[in-house]
Amino acid sequence: MTGGGGAELGTARCALEDEAEEAEFKLASSLTDPSPTVDREASIAGRGASGFGEVATETEGDMAAKGAGSSAAADAGSTASDTERSDDGKDKEAKKIQTTTTTQTLHGGRSVVQLERDLRVDLGFRGMPMTEEQRRQFSPGPRTTMFRIPEFKWSPMHQRLLTDLLFALETDVHVWRSHSTKSVMDFVNSNENIIFVHNTIHLISQMVDNIIIACGGILPLLSAATSPSSTKSPTVPQTELESVEATQGMSAETANTFLSRLMAMVDVLVFASSLNFSEIEAEKNMSSGGLMRQCLRLVCCVAVRNCLECRQRQRDRGCKASILNSKSQDSLQNIASASKTAIENLPSNLSPIKDPDRLLQDVDINRLRAVVFRDVDDSKQAQFLALAVVYFISVLMVSKYRDILEPQRETARAMSQSGRSIRQEINSPTSTDNPVAFPDSGGMLKEIPTPVEELHLEASLPHTDSGIGEEQVSGVLNGAELDGPPSSMGRIPTPPGAMSELLCTLSSEVKRSQESLLSEPASSSGISRVEVLKPASSISSISQSKGINVKEILKSLVAAPMEGAEAGPEPLPYPDPAIKREAHAMLPMQFHSFDRSVVVPVKKPPPGSLAVNTVGSGSREGLAAGSTPNIFAAASATPKSMINTTGPTEAASSSTNSSTSSSFVNGATSKNLPAVQTVAPMPEDTMENMSITTKLERALEKVAPLLREIFVDFAPFLSRTLLGSHGQELLIEGLVCMKSSTSVVELVMLLCSQEWQNSIQKNAGLAFIELINEGRLLCHAMKDHIVRVANEAEFILNRQRAEDVHKHAEFESNCAQYAADRKDEEKMCDHLIGAAKHRDHVTANQLKQKILNILTNKHGAWGALAQSQLHDFWRLDYWEDDLRRRRRFVRNAFGSTHLDITCKSLEDYGSEEDEGVKAKKGFRSQAVVSQNQETELMLEGDDDAVSLLQEKEIDNLAAHFRPRVIISRGPVVLSTPAQLVAPVIVARGTLSITTTEIYFEVDEDDTAFKRIDSKVLAYSEGLHGKWMFSEIRAVFSRRYLLQNTAMEVFMANRTSVMFNFPDQATVKKVVYSLPRVGVGTSYGLPQARRISLATPRQLFKSSNMTQRWQRREISNFEYLMFLNTIAGRTYNDLNQYPVFPWVLTNYESEELDLTLPGNFRDLSKPIGALNPKRAVFYADRYETWEEEQMPPCHYNSHYSTSTSTLYWLVRIEPFTTFFLNANGNKFDHPDRTFSSIARSWRNCQRDTSDVKELIPEFYYLPEMFVNSNGYHLGERQDGTAVCDVELPPWAKKPEDFVRISRMALESEFVSCQLHQWIDLIFGYKQRGPEAVRALNVFHYVTYEGSVNLDSIADPLLREAMEAQIQGFGQTPSQLLIEPHPPRSSAMHLCFLPQSPLMFKDQMQQDVIMVLKFPSNSPVTHVAANTLPHLAIPAAVTVTCSRLFAVNRWHNTVGLRGAPGYSLEQAHHLPIEMDSLIANNSGVNKRQITDLVDQSIQINSHCFVVTADNRYILVCGFWDKSFRVYSSETGKLTQIVFGHWDVVTCLARSESYIGGDCYIVSGSRDATLLLWYWSGRHHIIGDNPNNSDYPAPRAVLTGHDHEVVCVSVCAELGLVISGAREGPCLVHTITGDLLRALEGTELCALPRLISVSSEGHCIIYYERGHFCNFSINGKLLAQMDLNDSTRAILLSSDGQNLVTGGDNGVVEVWQACDFKQLYIYPGCDAGIRAMDLSHDQRTLITGMASGSIVAFNIDFNRWHYEHQNRY
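Rules behind the numbers
Residues numbered from 1 in each chain as written. Predicted model: local features only at pLDDT ≥ 70, side-chain atom pairs only at ≥ 80, totals over all residues. Heavy atoms only, no water. Helix = DSSP H or I, 4+ residues; strand = E, 2+ residues; numbered from the N terminus. Buried < 20%, exposed > 50% of the residue type's maximum accessible area, 1.4 Å probe, protein only. Disulfide = S-S within 2.5 Å. Pairing = 2+ DSSP bridges. Axes fitted to C-alpha atoms, helices over the stretch in contact; angles between N-to-C directions. pLDDT = per-residue confidence, 0-100. Contact = heavy atoms within 4.5 Å. Expected span 1.5 Å × (residues − 1). Arc of directions from axis to C-beta.

Would you mind going over the environment of K380 with me for this structure?
You can see K380 is positioned in helix α21 (residues 379–405). For K380, a relative accessible area of 69% gives the class exposed. The spacing of K380 and F717 is 337 residues in sequence and 9.5 Å in space, taken between C-alpha atoms.

Laid out in structure tokens, this is it:
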């Protein structure tokens, strides 16, 4: 704002009622609008934050509307307070203000609207809602900030901050002043305050020049004060203000306020201190001496403004007479009058001007003297300052002289100007729509609140936000102590708010005062005025004396009137009730600054004065009574140091000495009632009547001595400097004049002379100009600094705002994410609930189907023999044995002969091939995807890196994975999108893992899933799958489409399930949510999750399987299956089906001699390089490769693809359905169908596009070669129908082909070469230079790491690439990068008993030993559990009288070189009789005394011995139970019930690790129960707490008579049982009846059953009939023996059968065709039981004579290789 203030728009804040008050009004209107924010702060402070008086201020809207050349308007609208409170804070503050105010009376015609507006403005932004502008600024968006300034402007925020800072400083200074013992100078010079003083001085130094420029600048002000034109022009302030820089943004009034406050600080800290400023200047990087030069500029500025005010006063004095008669003028004069600067407009009793006729006031003279003489020791600095002061005083003196000579015109002009202005202002009151009518004086006194009271309020509550000392305000308001600089600077420390309010209401009070003056005795008012002007301690008189001590002057500048005692304790009685109410309402106020609250105490008025409050003086009814106690409570807590005790204690009649709390009201008593005067009181002789000389003497009597003093003290320097036009020293003659006379006139005459004028202008003027220019430079530097800092602040604020925006966005994002998560969680819960229902439905259907099958089976309750004529469909079950062979066929409810399916024609293949060529060309145009270096690194690494990683580390790695895996606190531990990978389908869905199970739920809404043929889905298990953790046996990491993102889980039910995940990290997360099972127990690896996550190469290196294979502990088949499994080959993905080699080449001859090398393939070459001609073709193709976009390869097709897998397995379900699904629901063209083994081999040797290797089924699954379902596969071109596969002539049936192929695979020729084939498929010849040399390079997309699907963004391209990978096949993971070690030869291992090819010396005798028990009871059961690791390796025997013996086994016979072997032991017999039996001492511990049913015939089936020899299970008890006995003590440990009749037979499966196994009990009730034996708890059943009532795992039905024999094979999952009559039945261990083993009519009365894990089932029927069935029910061989056989036994490999019977002869047969191999010498008694030792070397037979015989048996001697070679 410029000084135009409210008057520019005709909104003057007070209605003027007296023309003589123009000056006061001008000051009010100019002071009240320094800036909105500063004014708010100050006005709240001035009124005690309670709105007692109204402040003439403008809202931001008004500010913005101003156009008086001000730059603040632009700033104010876009600036917001940084100290906005919250809405609560705003409301509370507004309420507090309202409660501490009364309803305000409208003075000067102010409306309630204006009052509310002022209240809102006073509150800053605190009390009201934000405007749109503010809301924009404070919104989180990155919009304009308050510091976005092109150049420096004094924004309201700057002004407010500065106000607050000064308030804080002034508060501290005030505390110093009010100290009872120390003076201010003691504090200033104290070492404790040195930093405070230094910093404050530095701050002042930074501010001074800016504030001076904002006030108008020294030169413009000096020009205005000395220019003759200014006396003629009514627009002096305009002239002055035009020179204010437009960019400053601060109104002149505000600047003047700041200037005064800075001046007050300088008085205390600079002039009163004894500090050495050179230290400060050095420390703060200021120029030397610059501080005192700044002080001089400050003093000059204050002084020249005081001069301007004096001139204004002189003009105003002559204007009074004509004002009332003048007519209204236009608003220009109004603007001019309102534009007077604050100092000009200050009334005499508020300003430091006690005598307007004086050129310089005493305080200014003292300050000038202090500036010059403070650092007089610093001669150069002092000389410069003296020269500048000389110029300054000289100019002013000469100007004053001129003004005194020409007073008339000035007076006349001033009168007309002020008259016009006042009339304009009277007609334009502030907040009223119509001009206020002025009633008579009586009416005014009634209706208009007395501004005197308001002014007094300001004085009585001086603790404003600016922290002014009370005594200072006291001096200001009273005009007292004007000679003492602190009070004479009175307006300097007064806060802008207090000033503005105080001055705003002056006008109305002045009229009342003047009217009162007319009726009061002139003497009393005269005395009052004269007393006011009497100096309490006349510094001016001191300063006139010669040789004055400068220190005294300095002290006088800060000497506060502290001599007075504290005000009296009792207040005066109130003469007037209204005044009494006002005094009661005068309460302590609490002011809020940025950082502090100040409680202003109630002051007690001293005698002779009245405390008058203006709480709405016209209408008091709004005073809030409730607020009084609180306020007084606040007052009582006020420390004493805050209470002013510096009031003088002179006579009560002297208003000069009255305390600050009442000193303003000079008319409170009858003696000095008319206190407020418009001009300073004058002597009786008026100025107009004086002579010019007297006027000069009066005007210059104080300043002339200072000039003389400077001339005298600096004579040497000035005489050299002030030279005349001819170089003469002017000062010499001047000094003579000065010393001889103290005449002011002579000094003026001297200065007015031309020589002096020129010299001062030329020399001293130069110094003064230099002084001014330095100020301007500093001002600009400081502005630049502030702008720079502001820019930095803007940057910081923008960054913070950006952070706020970011945080806000992040918060919103988090909220949205949280909501989405919750939604997903709910969706997942719904999904899981629906999935559970669906799963239950599927389970119920399966159960229903199972019961239906059991009942409707022809051996079932509802079955009929006629049903056997119906066609039964079978499919390959997913059950795997220990070597991962799938051999079991189960009933197929979805079976079909597919009679509606046709074969493809040759034309169908042409279009397919064209499409294939196009696809290849399309892909070749793409750049080859470079191998992922990280994968490459993993492949190259030799170390078993995973074994070094701790599980926790891998857990941490797994924590950072990309897809959003839902982790929930409910039962679901982890849920993630996944794909179920089944042989020909990949179904999207959700995998959920709880703490005990895995669930997979297919997404049936997925479009890809909907496209899948329902026939295929029927064979896909796990679409709604649930798997218990307790069932998980192994977890492998897997690849899918060459990406390491899949996982395969192997279950206890010998099936597996494979899932593909979004990325590798999810795989890790899932693995860590599953049980710690590793990759199972088969491969010698620890059961740890890190093993599950290990790479194939790491698994290979860590496993012991290679060493076991080398030592021939495992077969070639088992080793190849191991390599396939860890290299990622799986039955669940036909593209990664296990790979097996062709090993034979002869498929034509009638007989196959496996001893001829020519019948075996060269395994060192890939299948494509076996034919030399074809090898040349492939080598040429590689060498002459032309495709630039693709790396060269030998073969375009692969040795293992989904197509080739289905080609081999097309005859068995579910592969038939899979084949049809993949081939457009058609069978292949008959010429392309797998129809002959010999033809397929020929194609693999001749066709350049056929390099197929075999699949494992070739070596174990004869059913694959039989068209058992009768599919119509067409006719070949030669007319032969395609049905079963043509076998080589040397294989009479598929079983022969499989058996001979397997023999060939295990032959010595293959064993010696197999490592070379492993190098090609899994090893170092798989890729790289060795692969090139070996002609073993395939299409690049078949190799791991060649394609990164995640890098392909285009979904169509990605889909095409996936299709290509599926089409081309996938090479297994590379397991080793060095040659694979060969297998050790059989001869090297002749001393190792484990070798199957153990060729021993034939000299060993057949019978090793005979052991006769004391009892003659026949030995009906023998169990040879002879494993060395057992606690008691023994041969347990049980006799017919139920007497058992635990006969110690010694591993001696034929075990040279075996662990624990010694020569001493070698002579011992293998079996040592049970000592308790031998000594006949503990027979009671070996006798089972419980009664058995008498109808039971005790035989071998009645007993089972556990694998650890510790427990014996016995059946046949009358109570229909079977029982468990301890073999150590003979005590009964468990009785198991379950059957409805006597249990007739028991059988035990092979044991798992830990001794767990299945027990099957058969009964006369024609059922069998499957039980689980817990090796851990040694009981039947899982739960030791429920051992009395264990539940069977399954109930097996189908027999019509009592069950007499049973055998169970856990590896095959089958139970085969025979009843007294009828066929043997095959059940699964889950209770499903698979089939009946039906042979000839002789096969009707089964008696003995033996099943091997190789799938052979030998059944002995009554009357000497033997049958050999496959596990799938095919009768393979049969024979008849005359002997009544009592015991049969299959060797562990299922190849050999041992029989023994009543004739006491042990015979050895070849199981496949019942070819007799060997007959042992006959024994003297019949054989009742048999068993083989674990090493298959010793046969132990139980004899009817009560003895046991150990035979030496070696099945290897009947091996074809042994017979041929040895």
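There's more to say after this.
What am I meant to see in the state of the cysteines here?
Should the sulfur atoms of two cysteines be covalently bonded, the bond is a disulfide. Throughout the structure, instances matching the rule amount to zero disulfides. Cysteine C300 shares no disulfide, and the gap to the nearest cysteine sulfur, in C301, comes to 8.6 Å.

How should I be thinking about the pairing of strand β22 (residues 1557–1563) in this particular structure?
Taken residue by residue, a regular strand's side chains alternate between the two faces of the sheet. Counting buried residues along β22, seven of its seven residues qualify, which places the element largely inside the surrounding structure. With burial as the criterion, each face of β22 is covered, one bearing C1557, I1559, S1561 and S1563 and the other bearing Y1558, V1560 and G1562. Taken together, the five bridges between strand β21 (residues 1543–1548) and β22 define a ladder with antiparallel strand orientation. What sits directly across from V1543, in β22, is S1563. Linking two consecutive strands that pair antiparallel, namely β22 and strand β23 (residues 1568–1574), is a turn of four residues; a positive phi of about 70° is found at A1566 within it.

Looking at this structure, I do not really get the sheet that holds strand β31 (residues 1656–1661). What am I missing?
A sheet is described by the order of its strands in space; here four strands give the open sequence β30-β31-β32-β33, paired in antiparallel fashion. What marks the edges here is a single partner per strand, and that holds for β30 (1646–1651) and β33 (1675–1680). Each strand axis lies, on average, 15° off the axis of its neighbour in the sheet, ignoring direction. Bridge count between strand β32 (residues 1665–1670) and β33: five bridges; the pairing is antiparallel. Across the sheet, residue F1669 finds its bridge partner in β33, namely L1675.

Before we go on, may I ask you to explain the confidence of the model for the protein in this structure?
In low-pLDDT regions, the fine details of the predicted coordinates are not to be read closely. Confidence in the prediction for the protein averages 74 pLDDT; 66% of positions are at 70 or higher. Below pLDDT 50 for its whole length, residues 1–149 participates in 393 contacts with residues either more than four positions away or in separate chains. Counting interchain partners and residues more than four positions distant, the pLDDT-below-50 stretch residues 560–685 has 284 contacts.

I'm lost on helix α51 (residues 1172–1183) in this one. Help?
Think of an α-helix as 3.6 residues a turn; residues three or four steps apart then line up on the same face. Taking 1.5 Å of rise per residue, twelve residues should cover 16 Å, and α51 covers 16 Å from first to last C-alpha, within 8% of that figure. Every buried residue belonging to α51 is among R1174, A1175, Y1178, R1181 and Y1182, and all of these are buried. For α51, the arc enclosing every buried residue in end-on projection is 120°, short of the 170-degree limit, so these residues lie on one face. Facing away from the buried surface of α51 by more than 90 degrees, the exposed residues are P1172, K1173 and E1183. For α51, the secondary structure elements touched by its buried residues are α54 (1237–1246) and α57 (1329–1333).

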